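Structural overview
Read off the chains here:
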Amino acid sequence: MSFRTKKSLGQHFLTDKNIIFKIIDAIVAEKEDRIIEIGPGTGALTKWLAETFTNVHAIELDQRAVKVLKQEIENLIIHEKDVLKVNWPEMVDPANNNIVIGNLPYYITSPILFDLLENRKLFSEAILMMQKEVAERLVADPSSKEYGILSVQTQLFCTPEILFEVSRNSFSPPPKVTSAVIKLKFDKPDLSFSDQTLKTVVRTAFNQRRKKLSNSLKPVLGDYQPDGFNFDDRAEHWPPETYAKLSEHLEQSDRLS
């Protein structure tokens with residue numbers, strides 16, 4: 001390592017070349033498509049991205065890492081900023097596909113995910129490394145203990161697939177948890193209702209997940225219970241499609257409380 005990692009930035013740098021090449025192999029892109037890497041650190045993966053593709057951008061907040069990247073890697077455009085403050089429409093290449101790659105800091109994984117999902121029309125896919133436990137929530141089936149808000153929104157906005165697990169020994173310093181690489185394919189058709197309506201319905205439902213939906217959804221529905229839904233169920237029993245159906249109904253009938 002050229003410098004000590006910062007715990008405050010959640011830095012665990014990938015050092016395993018086998019994992020690096022598996023990530024490269026998983027990318028579906030043409031040579032000129034834009035590759036946007038979140039948090040490249042000192043560039044273990046970035047170096048290979050820049051050798052494989054001609055349109056590589058990196059988002060890095062740590063000035064020490066930026067200095068290393070500038071010294072070590074040509075054919076790289078670096079954006080020295082916080083990923084949570086990125087203006088994604090300004091970051092993408094409208095003439096080509098845009099693919100996001102990232103070893104996400106554990107402490108901001110969810111905000112980054114929600115940000116990417118909100119801007120999903122800009123990307124063709126994302127390949128992200130995260131805590132295995134979070135990756136399992138993205139692909140979780142209804143009625144499982146992992147199933148929740150992230151599961152519903154992710155599965156309605158894209159097609160998530162866990163590609164492989166990554167040992168803690170593949171990083172420096174090793175994290176305390178096992179990681180996983182997940183691919184999000186942004187291949188779903190546009191929804192017939194707003195993201196905000198869906199978020200309101202899903203988050204209200206899971207806010208009191210032990211209660212029946214007739215009770216947990218009262219802040220949204222009041223006493224209104226449209227036909228075609230089982231409100232005696234609990235939040236984790238409804239598949240994503242049912243949340244989509246209710247969101248569409250509420251928006252079209254203007255019944256959101």
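Here is a short report on the structure shown in this document. (Residues numbered from 1 in each chain as written. Predicted model: local features only at pLDDT ≥ 70, side-chain atom pairs only at ≥ 80, totals over all residues. Heavy atoms only, no water.)

This brings us to the pattern of salt bridges. If charged atoms from side chains of opposite charge come close, those side chains can pair. For the structure shown, the criterion picks out 9 salt bridges. Residue E80 is joined to K70 by a salt bridge in which the shortest nitrogen-to-oxygen separation is 3.0 Å. Placement of the pair is E80 in the loop between β4 (77-79) and α4 (88-91) and K70 in helix α3 (residues 63-72), with a sequence separation of 10 residues. Judged by relative accessible area, E80 falls into the partly exposed class, the value being 37%. By relative accessible area, K70 is classed as exposed at 54%. (Salt bridge = Lys/Arg side-chain N within 4 Å of Asp/Glu carboxyl O. Helix = DSSP H or I, 4+ residues; strand = E, 2+ residues; numbered from the N terminus. Buried < 20%, exposed > 50% of the residue type's maximum accessible area, 1.4 Å probe, protein only.)

Let's shift gears to the sheet that holds strand β2 (residues 34-38). Pairing is mixed across the open sheet formed by 7 strands, whose spatial order is β4-β3-β2-β5-β6-β9-β7. What marks the edges here is a single partner per strand, and that holds for β4 and β7 (159-166). Along the sheet, successive strands turn relative to each other by an average axial angle of 20 degrees, direction set aside. The sheet contact formed by strand β3 (residues 55-59) and β4 spans 3 bridges and is parallel. Within β4, the position partnered with A58 by the bridge is I78. (Pairing = 2+ DSSP bridges. Axes fitted to C-alpha atoms, helices over the stretch in contact; angles between N-to-C directions.)

Of note in the backbone geometry, N75 takes a positive phi value of approximately 60 degrees without being a glycine. You can see N75 is positioned in the loop between α3 and β4. Residue class for N75 comes out partly exposed when judged on its relative accessible area of 40%. Positioned with a positive phi, S143 is a non-glycine residue whose angle comes to about 75 degrees. By the secondary structure assignment, S143 is in the loop between α6 (132-138) and α7 (149-157).

Here the focus is the packing of aromatic side chains. Following the criterion strictly, the structure yields 9 aromatic pairs and no others. In textbook terms, an aromatic cluster arises when at least three aromatic residues are bridged by ring pairs, as seen for Y147, F206, F229, F231, W238 and Y243. For K22, the ring lying beneath its charged end belongs to F164, and the centroid distance is 4.2 Å. One Lys or Arg, K245, reaches over the ring of F229 and ends 5.1 Å from the middle of that ring. (Phe/Tyr/Trp six-rings, centres within 6.5 Å; stacked < 30°, edge-to-face > 60°. Lys NZ or Arg CZ within 6 Å of the ring centre and 35° of its normal.)

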